[in-house]
Amino acid sequence: MEALKYFESKKEFNVFVASTFSDLVKFKRENHQTAFNELLLEDLFQVKRYIAKRLSTALTKGNLPQGKYKVDDFLDQLFIETYDHFDEVEDKDGLHVWLFKKAEELLEETTTNEEYDEFFLKNIDDYSKPEWDEMEEKFSTDGDGDLVMIEELDDISYPKNDYLLKHVFIEDDKKEIQDKLDKELSGENIKKHVDMVLCQLPLPMRSVFDLATDFEFTLEEIAKIRNQSFEEVQQLLKNARKSLEESFLNRYTIEK
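Residues numbered from 1 in each chain as written. Predicted model: local features only at pLDDT ≥ 70, side-chain atom pairs only at ≥ 80, totals over all residues. Heavy atoms only, no water.

Describing the overall build of the chain
So, step 1. Broken down by element type, the chain carries 15 helices and zero strands.
So, step 2. Across the 256 residues of the chain, 50% fall into the buried class.
So, step 3. If you take every contact in the chain between residues at least 6 apart in sequence, the share linking residues at least 24 apart comes to 76%.
So, step 4. Total accessible area on the chain stands at roughly 13,400 Å², and carbon and sulfur atoms take up 47% of it. (Helix = DSSP H or I, 4+ residues; strand = E, 2+ residues; numbered from the N terminus. Buried < 20%, exposed > 50% of the residue type's maximum accessible area, 1.4 Å probe, protein only. Contact = heavy atoms within 4.5 Å. Areas by Shrake-Rupley, 256 points an atom, 1.4 Å probe, with all protein chains shown as cover.)

Regarding the packing of aromatic side chains
So, step 1. Applying the stated rule across the entire model yields 13 aromatic pairs.
So, step 2. Consider the rings of Phe-36 and Tyr-83, whose centres lie 5.1 Å apart with planes at 85°: the pair is edge-to-face. One end of the pair, Phe-36, is in helix α3 (residues 33-43); the other, Tyr-83, is in helix α5 (residues 71-84), with 47 residues separating them in the sequence.
So, step 3. Both rings, one in Phe-100 and one in Phe-217, keep their centres 4.8 Å apart while their planes meet at 75°; by these two values the pair is edge-to-face. Here Phe-100 is found in helix α6 (residues 95-111), whereas its partner Phe-217 is found in the loop between α13 (203-213) and α14 (219-226), with 117 residues between them in sequence.
So, step 4. The ring of Tyr-83 has Lys-28 sitting right over it, with the charged end atom 5.0 Å from the ring centre. (Phe/Tyr/Trp six-rings, centres within 6.5 Å; stacked < 30°, edge-to-face > 60°. Lys NZ or Arg CZ within 6 Å of the ring centre and 35° of its normal.)

Focus: the packing of helix α4 (residues 45-60) against α6
So, step 1. As a packed pair, α4 and α6 sit with axes 10 Å apart at the nearest point and diverge in direction by 20°. One way to sum up the angle between α4 and α6 is to call them roughly parallel. As α4 packs across α6, the resulting crossing turns out to be right-handed. Between α4 and α6, the contacting residues are Gln-46, Val-47, Tyr-50, Ile-51, Arg-54, Leu-55 and Ala-58 on the first element and His-96, Leu-99, Phe-100, Ala-103, Glu-104, Leu-107, Glu-108 and Thr-111 on the second. (Axes fitted to C-alpha atoms, helices over the stretch in contact; angles between N-to-C directions. Parallel < 35°, antiparallel > 145°, perpendicular 65-115°, else oblique. Left-handed = near helix turned anticlockwise from the far one by under 90°.)

Quick look at the confidence of the model for the chain
So, step 1. When the pLDDT values of the chain are averaged, the result is 83; 82% of them are 70 or greater.
So, step 2. Confidence drops under pLDDT 50 across residues 144-158; counting only partners more than four residues distant or on other chains, this segment forms 30 contacts. (pLDDT = per-residue confidence, 0-100.)

Some details on helix α2 (residues 21-29)
So, step 1. Along α2, the residues classified as buried are Phe-21, Leu-24 and Phe-27. Each buried residue of α2 lies within a common arc of 125° when the element is viewed along its axis, so the set occupies one face.
So, step 2. Buried residues in α2 make contact with α1 (10-19), α3 and α6. (Arc of directions from axis to C-beta.)

A closer look at unusual backbone geometry
So, step 1. Backbone geometry places Asn-31, a non-glycine residue, at a positive phi of 60°.
So, step 2. For Asn-31, the position within the fold is in the loop between α2 and α3.
So, step 3. For Glu-216, which is not glycine, the phi dihedral falls at a positive 60°.
So, step 4. Within the fold, Glu-216 resides in the loop between α13 and α14.

Here we look at the nonpolar core
So, step 1. Within the largest apolar cluster, 71 residues are counted, with the highest numbers of intra-cluster contacts made by Ile-51 and Phe-248.
So, step 2. With eight residues, α6 is the single largest residue contributor to this core. (Core = buried A, V, L, I, M, F, W, Y, C linked by side-chain atoms within 4.5 Å.)

Re the side chain of Thr-213
So, step 1. Inspection of the secondary structure puts Thr-213 in helix α13.
So, step 2. Owing to a relative accessible area of 2%, Thr-213 belongs among the buried residues under this scheme.
So, step 3. Within the local environment of Thr-213, its side chain forms a polar contact with the backbone oxygen of Phe-209, the two atoms lying 2.7 Å apart. (Polar contact = N/O pair within 3.5 Å; in protein donor to acceptor, adjacent residues only side chain to side chain.)

Structural data, given as structure tokens:
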């Protein structure tokens, strides 16, 4: 799937997905399911990556058995759900959000028992740098989910490190800290740290952070995808950012 490479941003890709709505309506009305699915496949470029990331984390944490679930299993079901319930899509601007919402529902049915490390969340301020390094080493060693899903993600580039940091340190007075981290750490180190911390956080916090930063959905859109209120989503994103910010500050001894 090469679709996203032709767009400069994920928001532009949202516009592309919206532009396919009228053709999908036509194909569904004429009962041309093959043509419908061929076009839908292009629309699911980002959804595929979201599913892969969710499954990767669940596998890494041991919440799903190795080898039982594949991204294509969820995509196959999503094709069926989309064709059968396409009349639920209100308009072209809501199509991409609706596709993510359907994917989220399928994922929730499978991963509802995902757990997080409550001890980690409560004690994130107390970890020393050696403890952080040990945690990352263990995370990398145990990261079977990443290895399992690497084939699903090898054609999709991750956000750049400065992009990730901008979504963690959003206040103007944190710009200097962001610049120091960007200069001190490689993009790979920043990505590994973010992945490690997110893996320990509650699933709703991880999901909201990914949808806001990696997929560039608004809080209103994320609320629809996750079937939550705007206020709930806003608080989850705030908490995720706070946890990530504190983890960077404490691990890399940057003055607050």
